[in-house]
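Chain by chain, the residues run as shown.
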Amino acid sequence: MKETLETRADSAHGRRFTAGLLHWNATANDRPMPWKGETDPYRIWLSEIILQQTRVEQGWGYYERFVAAFPTVQELAAAPEQSVFKLWEGLGYYSRCRNLIATARIITEQYGGVFPQQYDDILALKGVGPYTAAAIASFAYNAPYAVLDGNVFRVLSRIFGCALPIDSTEGRKFFAQAAQELLPVGEARAYNQALMDFGATVCKPLPACAACFFQHDCAAFRHGRQGELPVKAKKTAVRERFFQYVLLQHENTLALHPRGPGDVWESLWEPLLFEAGRERDKEAILRALNEEYGIRKEDYTIESAAAKGRQRLSHQLIHFNFLHLGLARRLELPGFDWVPLDKIDDYPFPKTVGAWLKATFAGFG
DNA sequence: CAATCGTGGGG
DNA sequence: TCCCCAAGATT
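Residues numbered from 1 in each chain as written. Chains lettered and ligands numbered in written order. Predicted model: local features only at pLDDT ≥ 70, side-chain atom pairs only at ≥ 80, totals over all residues. Heavy atoms only, no water.

### Structural notes on the pairing of strand β7 (residues 316-327)
Then, number 1: With twelve of twelve residues buried, β7 is to be regarded as a mostly interior element.
Then, number 2: The side-chain alternation of β7 yields two buried faces, one formed by Q316, I318, F320, F322, H324 and G326 and the other by L317, H319, N321, L323, L325 and L327.
Then, number 3: Where strand β6 (residues 308-312) meets β7, five bridges bridge the pair, whose relative direction is antiparallel. The residue of β7 that forms the bridge with G309 is F320.
Then, number 4: Where β6 folds back on β7, the antiparallel hairpin that results is connected by three residues. (Buried < 20%, exposed > 50% of the residue type's maximum accessible area, 1.4 Å probe, protein only. Helix = DSSP H or I, 4+ residues; strand = E, 2+ residues; numbered from the N terminus. Pairing = 2+ DSSP bridges.)

If you want it as structure tokens, here you go:
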């Protein structure tokens, strides 16, 4: 397929698409979402952060819980960080949560609780990039900034038959310009919403071309190339890792600590962790426990050593081994808290760790 | 700029 | 089971 069948998105072809899109939006777009039509910039911002690289169905409940817990930006800014992370738990990409808290505090303290209205000021907020700034500016203020997300890449690549890779600089530039040139004056809000809804419900990865208002005018459909667009050039390499957790329990308390920066799951909690280049047996882990922490066989009883797990992240494949030890006395473990079992529900955990704790202590918390 | 950052659903 | 990828941002 030629790289671009269309280079000027403000041509007659592009104008036909925009007109059809807005008509489809007004007559056939039925996609209810809790944040749709929202005019409060705080809630729009909240929804957009939650939805970054996240399916609508997954983010839906999180949005409702966040709005219920923090109806205003001031309440979010005043919340204990850990309670916000707990609410975010399971949603992934936890830097979003850290930036969410920081931005709520900046808006509260530096903007007097009033959400900024200028695109450049919105873009300067932590965790807000070009997509999110355009979404907030258009949905809240109808400002003329076209959103460019996965839906838009897919729709425009097919409509115009553009095979420029969406993960290339040239491709991003083409689609950004096309999306912006298609935006009808004064209708940024409806256009952006319609474009994403259309991509999500009709021009899906596996498209419903039979139901598409633009079928006869779509370059990809005319060439039977819907399945080849959009083009993505690179594949992310997956790193394999081996996590050996040792859960130390003393009476009704667990040794837990928050993960630090520079790795996955920053600010989430976990038990004592050994990481190795390969899977280790129980004896090797207990030996490391002795060598690195001075914890000897007479210090513990083995409660369980059978649990295993596997979690595939977008860029890592992590193998888990779980070892649960009971300690006769509480040891000094720098950096760790001894958390009572009836408090562990207040702590945010990585998915697999939380599932293991829940399975281990079903009935406590 | 290329790599990094989670989780879940669908084909 | 494996691969794709989803309302991306940051460094």
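### A word on the UniProt feature "domain: HhH-GPD" (unreviewed entry) in chain A
Then, number 1: UniProt marks residues 50-201 with the feature "domain: HhH-GPD" (unreviewed entry), using the numbering shown here.
Then, number 2: In residues 50-201, the share of helix is 66% and the share of strand is 0%. The end C-alpha atoms are 20 Å apart. (UniProt positions renumbered as here; feature names shortened; annotations may be inferred.)

### Here we look at the side chain of S168
Then, number 1: Following the sequence through the fold, S168 ends up in the loop between α9 (150-159) and α10 (169-182).
Then, number 2: A polar side-chain atom of S168 sits 2.9 Å from the main-chain amide nitrogen of G171. (Polar contact = N/O pair within 3.5 Å; in protein donor to acceptor, adjacent residues only side chain to side chain.)

### Let's talk about the protein's contact with DNA strand B
Then, number 1: Near DNA strand B, the surroundings consist of 22 residues, among which T169, V264, W265, Q311 and K351 are the closest.
Then, number 2: Here a phosphate oxygen of DNA strand B sits 2.8 Å away from a polar atom, N or O, in the side chain of K351.
Then, number 3: Within the surface near DNA strand B, the residues separate by chemical class into six nonpolar, eleven polar and five charged. (Near = heavy atom within 4 Å. Nonpolar A, V, L, I, M, F, W, Y, C, P; charged D, E, K, R; others polar.)

### Overview of the nonpolar core
Then, number 1: F17, W45, W88, L156, Y191, F198 and W265 are the most contacted members of the largest nonpolar core, which has 99 residues in total.
Then, number 2: Composition of this core by domain shows at least three residues from each of domain 1 (12-228) and domain 2 (239-360).
Then, number 3: Other than its neighbours up to four places away in sequence, W88 contacts I49, I50, Y62, F66, Y93, Y94, R96, C97 and L100.
Then, number 4: Of all hydrophobic cores here, the second largest spans 18 residues; its members include V246, I295, L333 and W338. (Core = buried A, V, L, I, M, F, W, Y, C linked by side-chain atoms within 4.5 Å. Domains from an automatic or database assignment. Contact = heavy atoms within 4.5 Å.)

### Some remarks on α10
Given 3.6 residues to a turn, an α-helix orients residues that are three or four positions apart in the same direction.
Then, number 1: An ideal rise of 1.5 Å per residue puts 20 Å on 14 residues; α10 measures up with 20 Å between its terminal C-alpha atoms.
Then, number 2: Taken as a whole, α10 has its buried residues at G171, F174, F175, A178, A179 and L182. The buried residues of α10 all sit within an arc of 125 degrees when viewed along its axis, so they share a single face. Of the residues in α10, the exposed ones pointing more than 90 degrees away from the buried face are T169, E170 and K173.
Then, number 3: Buried residues in α10 make contact with α1 (12-27), α9 and α11 (188-201). (Expected span 1.5 Å × (residues − 1). Arc of directions from axis to C-beta.)

### Re the protein's contact with DNA strand C
Then, number 1: Within the structure, DNA strand C sits among 26 residues, and M33, W35, L51, G127 and D149 are positioned closest to it.
Then, number 2: The sugar-phosphate portion of DNA strand C accounts for 64% of its atoms within 4 Å of the protein, the bases making up the rest.
Then, number 3: One nitrogen or oxygen atom from the side chain of R55 is found 3.3 Å from a base oxygen belonging to DNA strand C.
Then, number 4: A distance of 2.9 Å separates a phosphate oxygen of DNA strand C from a polar atom in the side chain of T132.

### Focus on unusual backbone geometry
Then, number 1: Cis geometry is adopted by the peptide bond preceding P230, which originates at L229 and carries an omega value of 0 degrees.
Then, number 2: One non-glycine residue with positive phi stands out, namely E251, at about 50 degrees.
Then, number 3: Here E251 is to be found in the loop between β1 (239-250) and β2 (253-258).
Then, number 4: Of the residues examined, E251 reaches a relative accessible area of 62% and is grouped as exposed.

### Considerations on the packing of helix α5 (residues 81-88) against helix α6 (residues 95-110)
Then, number 1: Between α5 and α6, the shortest axis-to-axis distance is 10 Å and the interhelical angle comes to 135 degrees. Viewed along their axes, α5 and α6 adopt a mutual orientation that is oblique. Where α5 crosses over α6, the two elements pack in a sense that is right-handed. Contacts between α5 and α6 pair E81, V84, F85 and W88 from the former with R96, C97, R98, L100, I101 and R105 from the latter. (Axes fitted to C-alpha atoms, helices over the stretch in contact; angles between N-to-C directions. Parallel < 35°, antiparallel > 145°, perpendicular 65-115°, else oblique. Left-handed = near helix turned anticlockwise from the far one by under 90°.)

### Some thoughts on the packing of helix α8 (residues 130-141) against α11
The geometry of a pair of packed helices is captured by two quantities: the angle between their axes and the separation between those axes.
Then, number 1: In contact at an axis separation of 7 Å, α8 and α11 are set at 125 degrees when each is read in the N-to-C sense. Between α8 and α11, the angle is such that the two are oblique. The hand of the α8/α11 crossing is left-handed. Contacts from Y131, A134, S138, F139, A140 and Y141 in α8 reach A188, R189, N192, Q193 and M196 in α11.
Then, number 2: Of the residues belonging to the contact of α8 with α11, the class tally is seven nonpolar, three polar and one charged.

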